[in-house]
Amino acid sequence: MPDCRLTHSVTDRKGNLLIAAGTCLSPQVMETVVSGRATAMESCRLLDYRQVRADLLGFFAASPYDLIFLETHRQERLLEIAGDVVLPEPVLESLYHFRELDFYTYRHTLLVFALSILIARELIDDRDALLQEVMAGPTHDIGKLCVPLEILTKETPLTTAEHAHLRHHALAGYVLLSYYFQDPGTFAAEVARDHHERKDGSGYPLGISIDNQMIDIIMVSDVYDALISPRPYRPVSYDNRTALEELTRQADAGIISETVARVLVALNRRSQPHFSRCVVSTERRGSPPSKNVYGIIETKE
C-alpha cells in the first residue's frame with residue numbers, strides 16, 4: 001500500500017493528540033494508537049441516540065428522498081436494519097458535534113447511511129456482511145472533526161492549503177475509528193480511509209484502485225448525496241436528473257461501480273424495477289448548477 005503519511009495531526013473531539021502530522025501510518029504506529037486507548041467506552045444504538053431517529057425520518061421528506069423512501073416498506077426495512085447498529089458513544093458524540101456546528105455534514109452522514117442500507121439490501125444477501133457494511137455509513141466522514149469548521153463551511157474556493165487540510169479527513173477518520181473500535185482492520189475505519197478513492201485509481205488519499213463492493217456502496221451514496229444536497233460551496237444543488245446522469249457518466253468512465261450506480265437509478269424510479277431490469281438512459285439532458293466552486297482552488301495564498 002502507498003505511504004499513508006499524515007499532512008496534519010489527528011486529534012479526538014476533545015483535542016487530545018492521537019498522531020502528529022508527518023507520521024506514517026505503519027502497522028506499528030496504528031497498533032500503538034489502538035493500545036493507547038486505556039478506558040472502556042460505552043456504546044449505544046445509533047437510532048436511540050438523542051434526535052438521530054427523528055432527524056433521519058425528517059430528512060426523508062425532502063426531494064428526492066421523498067420518492068426514494070415513498071414506499072412505507074422501504075422505511076420499515078431500513079429502520080429494522082439501522083436499529084441494529086451500535087456505536088461507541090464518542091463516535092455518536094462526534095456525529096452530534098456536526099449537528100450543532102456543521103449541519104451539512106450531519107445531514108449528509110445520515111443520508112449516506114440510509115442510502116447505503118437500501119443499496120446494500122439489493123446486493124448483499126448475508127445479514128452479517130450487510131450489518132458490517134451499514135455500520136460504516138454513519139461514520140465515513142468522522143475525520144472531518146480534524147478539519148477546521150471555517151474550511152468545512154467555506155462558501156468561496158479553497159486555497160491549496162485548505163484543500164489539503166480537507167482531504168486530510170480521510171486518513172484522520174481511519175485513525176479515529178481504529179482508535180475507537182480498537183482495531184485498524186475494522187471495516188468502518190477502512191471505509192473512512194477509502195471512500196474518496198475510485199475504481200480507476202483517480203481518488204485520494206492514496207490514489208489506489210478500489211475493488212470492494214461494500215466500499216463502492218458507500219462511495220456512490222456519498223457522491224450522490226453530495227450532489228443533490230445543500231452545500232456551502234454552491235447556492236443551488238444538482239437537480240436529481242443531473243445528479244443521476246453524473247453518476248452514470250462516472251460509471252461509464254470506470255470511476256465508480258456501474259452496478260451500484262444502476263441500483264441507485266432503480267431506487268429513483270416510481271415503478272421500482274429490480275436494478276437488473278432497470279434501463280439507464282445514456283441521454284444527457286441535465287445541467288450542473290451555476291456558481292459551483294467545488295474543486296476550484298484559489299490561486300492566491
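## Observations concerning the overall build of the chain
Within the chain one finds 14 helices and 6 strands. Here the chain, with 301 residues, has 52% of them falling under the buried criterion. The long-range fraction of contacts in the chain, counting pairs at least 24 apart against all pairs at least 6 apart in sequence, stands at 68%. Surface exposure of the chain reaches about 13,400 Å², of which carbon and sulfur atoms provide 48%.

## Examining the packing of aromatic side chains
Inspection of every chain in the model, using the stated rule, returns 9 aromatic pairs. Between F60 and F69 the ring centres are 3.9 Å apart and the planes differ by 20°, which places this aromatic pair in the stacked class. F69 shares its class with F60; the two are buried. With a centroid separation of 5.6 Å and an interplanar angle of 45°, the aromatic rings of F103 and Y106 are classed as tilted. Taken together, the positions of F103 and Y106, both in helix α6 (residues 103-123) and 3 residues apart, correspond to about one turn of that helix. On the basis of relative accessible area, F103 is assigned to the partly exposed category, the value being 39%. These aromatic residues form a ring-pair network of at least three members: Y49, F59, Y96, F103 and Y106. The ring of F59 has R107 lying over it, and the distance from NZ or CZ to the ring centre is 5.6 Å.

## Notes on the pattern of salt bridges
One side chain can pair with another of opposite charge once the charged atoms of both are near each other. What the rule picks out here adds up to 11 salt bridges. Between K144 and D141 there is a salt bridge, with the nearest N and O atoms lying 3.4 Å from each other. Look at K144 and you get buried, because its relative accessible area is 9%. The partner of R241 in a salt bridge is E245, with the nearest N and O atoms 2.8 Å apart. Residue R241 and its partner E245 are located together in helix α13 (residues 240-252), separated by 4 residues, close to a single helical turn. The exposure class assigned to R241 is partly exposed, which follows from its relative accessible area of 33%.

## So, the nonpolar core
With 92 residues, the main nonpolar core has L25, L78, Y224 and L264 as its most contacted residues. With 12 residues, α6 is the single largest residue contributor to this core. For Y224, the residues in contact, after removing those within four places along its chain, are P64, Y65, I68, L115, N240, A243, L244, L247, L264 and N268.

## Comments concerning the packing of helix α1 (residues 27-35) against helix α10 (residues 169-181)
It is the contact of α1 with α10, at a shortest axis distance of 8 Å, that shows an interaxial angle of 50°. Taken together, the axes of α1 and α10 are oblique relative to one another. As α1 packs across α10, the resulting crossing turns out to be right-handed. In this structure, α1 uses M30, V33 and V34 to contact α10, whose residues at the interface are Y174, V175, S178 and Y179. Residue classes in the contact of α1 with α10 are distributed as 6 nonpolar, 1 polar and no charged.

## Concerning unusual backbone geometry
At the junction of S63 and P64, the peptide bond is cis and its omega measures out at 0° in the coordinates. As for its placement among the helices and strands, P64 is situated in the loop between α2 (52-59) and α3 (65-68). Omega for the bond connecting Y204 with P205 falls within 30 degrees of zero, at 15°, which places this linkage in the cis form. With a phi close to 50°, R50 is a non-glycine residue in the positive phi region. Structurally, the position occupied by R50 is in the loop between β3 (43-45) and α2. By relative accessible area, which is 52% here, R50 ends up exposed.

## Looking at the side chain of D216
You can see D216 is positioned in helix α12 (residues 213-228). Within polar-contact distance, the side chain of D216 engages the side chain of K199 at 3.3 Å. For D216, the contacting residues outside a window of four places in its chain are K199, I210, S257 and V260.

## Let's talk about helix α14 (residues 258-267)
The element α14 is largely enclosed, with a buried count of 7 among its 10 residues. Within α14 the residues assigned to the buried category are V260, A261, V263, L264, V265, A266 and L267. Elements in contact with the buried residues of α14: α3, α4 (72-82), α6, α12 and α13.

## Comments concerning α1
Since one α-helical turn is 3.6 residues long, residues separated by three or four positions face the same way. Burial in α1 covers these residues: M30, V33 and V34. When α1 is viewed along its axis, its buried side chains cluster within an angular range of 95° and face the same direction. For α1, the exposed residues lying more than 90 degrees away from the buried face are Q28, T32 and S35. For α1, the elements touching its buried residues are β2 (17-19) and α10.

About the cut-offs
- Every residue gets a number counted from 1 within its own chain, in the order that chain's sequence is written.
- Given that this is a predicted model, residues contribute local features only at a pLDDT of at least 70 and side-chain atom pairs are listed and counted only at 80 or more, while totals for whole chains, interfaces and linings are drawn from all residues.
- Side-chain descriptors were evaluated using all non-hydrogen atoms of the structure, hydrogens and water having been removed beforehand.
- Runs of E in the DSSP output that reach at least two residues are strands. Runs of H or I that reach at least four are helices, and both are numbered from the N terminus.
- Burial here depends on accessible area, computed with a 1.4 Å probe over protein chains only, as a share of the maximum for the residue type. Under 20% is buried, over 50% is exposed, and the range in between is partly exposed.
- Should any heavy atoms of two residues lie within 4.5 Å, those residues are counted as being in contact.
- Note on areas: these come from Shrake-Rupley sampling with a 1.4 Å probe, and a residue is covered only by the protein chains present in the view.
- Aromatic contacts are taken between Phe, Tyr and Trp rings whose centres are within 6.5 Å, Trp giving its six-membered ring; a plane angle under 30 degrees counts as stacked, one over 60 as edge-to-face, and the others as tilted.
- Here, a charge over a ring means that NZ of Lys or CZ of Arg falls within 6 Å of the ring centre while also lying within 35 degrees of the ring normal.
- Salt bridges, as used here, are contacts in which a Lys or Arg side-chain nitrogen is within 4 Å of a carboxyl oxygen on Asp or Glu.
- Residues belong to one nonpolar core when they are buried, are Ala, Val, Leu, Ile, Met, Phe, Trp, Tyr or Cys, and are joined through side-chain atoms within 4.5 Å.
- Note on method: axes are straight lines fitted to C-alpha atoms, helices fitted across the in-contact stretch only, with angles between N-to-C directions ranging 0 to 180 degrees.
- We call two directions roughly parallel when the angle between them is under 35 degrees, roughly antiparallel when it is over 145, roughly perpendicular when it lies between 65 and 115, and oblique otherwise.
- Helix crossings get a hand from a simple test, with the near helix turned counterclockwise from the far one by less than a right angle marking a left-handed crossing and a clockwise turn marking a right-handed one.
- Residues are grouped as follows: Ala, Val, Leu, Ile, Met, Phe, Trp, Tyr, Cys and Pro are nonpolar; Asp, Glu, Lys and Arg are charged; all remaining types, including Gly, are polar.
- Side-chain atoms alone can form a polar contact between residues adjacent in sequence; in general such a contact is a pair of N or O atoms within 3.5 Å, and within protein one must be able to donate a hydrogen while the other accepts it.
- Along the arc lie the directions from the helix axis toward the C-beta atoms.

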